[in-house]
Amino acid sequence: LTKRFGDFTATDQVSFAVQRGEIFGLLGPNGAGKSTTFKMECGLLKPTAGQALVMGYSLKQSPSQARQQLGYMAQKFSLYGNMTVRENLEFFAGIYGIPLAKIKERVDSIASYFGLTVYFDQLSEKLPLGIKQRLSLACALIHNPPILFLDEATSGVDVVTRKEFWCHLRALAKKGVTILITTHFMDEAEYCDNISLFYQGETIAVGTPAALKAQAAAATMEEAFITLINRKDAESGRL
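Given the structure is predicted, the values throughout are model-derived calculations rather than measurements.

> So what exactly am I meant to see when it comes to unusual backbone geometry here?
Of note in this structure, Gln13 is not a glycine but carries a positive phi near 55°. If you trace the backbone, Gln13 turns up in the loop between strand S2 (8–11) and strand S3 (23–27). A positive phi angle, near 50°, is found at Gln200, a position not held by glycine. The topology assignment puts Gln200 in the loop between strand S9 (194–199) and strand S10 (202–207).

> How should the nonpolar core be read in this particular structure?
The tendency in soluble globular proteins is for nonpolar side chains to be buried as a group. Within the largest apolar cluster, 52 residues are counted, with the highest numbers of intra-cluster contacts made by Leu89, Leu137, Leu148, Leu150, Leu169, Ile179 and Leu197. By residue number, the principal contributor to this core is helix H5 (residues 129–141), which donates seven residues. Beyond its immediate chain neighbours, meaning those up to four positions away, Ile179 contacts Glu22, Ile23, Phe24, Leu148, Leu150, Leu169, Leu172 and Ala173. Counting residues in hydrophobic clusters, the runner-up holds 17 residues, among them Phe24, Ala32, Ala66 and Phe149.

> Just checking my understanding: could you explain the sheet that holds S10 for this structure?
The sheet built from six strands is open, its strands ordered S6-S7-S8-S3-S9-S10 with mixed pairing. Two strands lie at the open edges of the sheet, namely strand S6 (70–73) and S10, each paired on one side alone. Each adjacent strand pair in this sheet contributes to an overall mean axis angle of 15°, direction not counted. Examined bridge by bridge, S6 and strand S7 (residues 147–151) share four bridges and lie parallel to one another. Within S7, the residue paired with Leu70 across the bridge is Ile147. Here helix H6 (residues 159–174) sits on the sheet in contact with S3, S6, S7 and strand S8 (178–183), set at roughly 150° to S8. Here helix H8 (residues 221–236) sits on the sheet in contact with S3, S9 and S10, set at roughly 45° to S9.

> What is the right way to read the packing of helix H3 (residues 85–95) against H5 from this model?
Two measures define how a pair of helices packs: the angle their axes make with one another and the distance between the axes. Running from amino to carboxyl end, H3 crosses H5 at an angle of 25°, the nearest separation of the two axes being 9 Å. The orientation of H3 relative to H5 falls into the category roughly parallel. Seen along the crossing, H3 lies across H5 with a hand that is right-handed. Counting all contacts with H3, which are made through Val85, Asn88, Leu89 and Phe92, the residues of H5 involved are Leu135, Ala138 and Cys139. Considered class by class, the residues forming the contact of H3 with H5 number six nonpolar, one polar and no charged.

> Quick question: what am I supposed to make of the packing of aromatic side chains here?
For any pair of aromatic rings, the description rests on two quantities: the centre-to-centre distance and the angle between the ring planes. Counted under the stated rule, the structure contains six aromatic pairs. A ring pair is formed by Phe91 and Phe92, whose centres lie 5.4 Å apart and whose planes are at 90°; its orientation type is edge-to-face. The buried category is assigned to Phe92, whose relative accessible area is 16%. Taking the centre distance of 4.9 Å and the plane angle of 90° together, the rings of Tyr113 and Phe114 count as edge-to-face. Among the aromatic side chains, those forming a connected cluster through ring pairs are Phe38, Tyr72 and Phe149. Above the face of the Phe120 ring, Arg86 is positioned so that its terminal group lies 4.1 Å from the ring centre. Just above the ring of Phe185 sits the side chain of Arg162; from NZ or CZ to the centre is 4.0 Å.

> When you look at the pattern of salt bridges in this model, what are you seeing that I'm missing?
Where charged atoms of side chains with opposite charge meet at close range, the side chains can pair. For the structure on display, the rule yields seven salt bridges. For Glu202, the salt bridge identified is with Lys232, shortest N-O distance 3.0 Å. Of this pair, Glu202 sits in strand S10 while Lys232 sits in helix H8; the two residues are 30 residues apart in sequence, bridging distant segments of the chain. Relative accessible area serves as the criterion here: at 21%, Lys232 is assigned to the partly exposed category. Linked by salt bridges that have partners in common, Arg162, Asp187 and Glu188 make up one network.

Here is what the cut-offs are and how they apply
- Residues numbered from 1 in each chain as written.
- Predicted model: local features only at pLDDT ≥ 70, side-chain atom pairs only at ≥ 80, totals over all residues.
- Heavy atoms only, no water.
- Helix = DSSP H or I, 4+ residues; strand = E, 2+ residues; numbered from the N terminus.
- Core = buried A, V, L, I, M, F, W, Y, C linked by side-chain atoms within 4.5 Å.
- Buried < 20%, exposed > 50% of the residue type's maximum accessible area, 1.4 Å probe, protein only.
- Contact = heavy atoms within 4.5 Å.
- Pairing = 2+ DSSP bridges.
- Axes fitted to C-alpha atoms, helices over the stretch in contact; angles between N-to-C directions.
- Parallel < 35°, antiparallel > 145°, perpendicular 65-115°, else oblique.
- Left-handed = near helix turned anticlockwise from the far one by under 90°.
- Nonpolar A, V, L, I, M, F, W, Y, C, P; charged D, E, K, R; others polar.
- Phe/Tyr/Trp six-rings, centres within 6.5 Å; stacked < 30°, edge-to-face > 60°.
- Lys NZ or Arg CZ within 6 Å of the ring centre and 35° of its normal.
- Salt bridge = Lys/Arg side-chain N within 4 Å of Asp/Glu carboxyl O.

Just geometry here; none of it tells us what the structure is for.
Here it is as C-alpha cells:
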C-alpha cells in the first residue's frame, strides 16, 4: 500500500498479512505512517497504489462486503455523549444491521460481557474513561465482526486501564477474533503475536516481538526499535 498527499508520501509500499485470530500491531512513533496504513486497510482512505483486502474482499471492488467484516474503534471517544450506554449500544446495533427483534438480546449479551449493565442508564459523557473505553469496544463488536480495527485505542488512558483493555483483547483473540491495532506504546508490542515496525512511512521490520528483539540483539522492544531505526538510517545515508 502506498498513500501520497500531493508531493508527500505518507506510506511507501507497505505490505503485510494478518492471520485469523491473530493480534497484529502496527508500531511506531507519531507520524510514522501506521495510522494512514490502518485507515487504508479499513476503508477510510483510498490508496494511491496497492490493494487492501479484508477477509478476501477488496476494499476497492467490494467495499460494503469488506466493511461488514470489521469493527472499528477510534483513538478518541467517538460515541454519543448525550445518549445513555444502552442507547449507544442499540444505535450501533441498528447501524450494523442487526434485526430489530434481536437488538435487545445482543445489547444485553455484550453489556453483560463487558460489565456495562450497571451503567445502562448513564449518559456516556459522564462515564469514567475506562468505562468509556469498554463501551467503545462493545459498540465496535456489537455485530460480532471477525476482524477488529483499533486505532491508538489506548492513547490517553492510565496504565491500569490499558492492562485491563488488553485482557479483553487477548480474550477476544482466543475466541478467534482477528485484531489489528496501532500503537506508539512500546510495551504494548509484547502483547501482539506479530508486529510491523513503521518509520518514516515504511515498514522496517515485521515479526514476533521475540524475533524482532533477537534481530536487534535487544532486551526490550524500545531498544529493538531504536536499533532498527538506526540501522535503517545508516542504510539510507541519514546517519
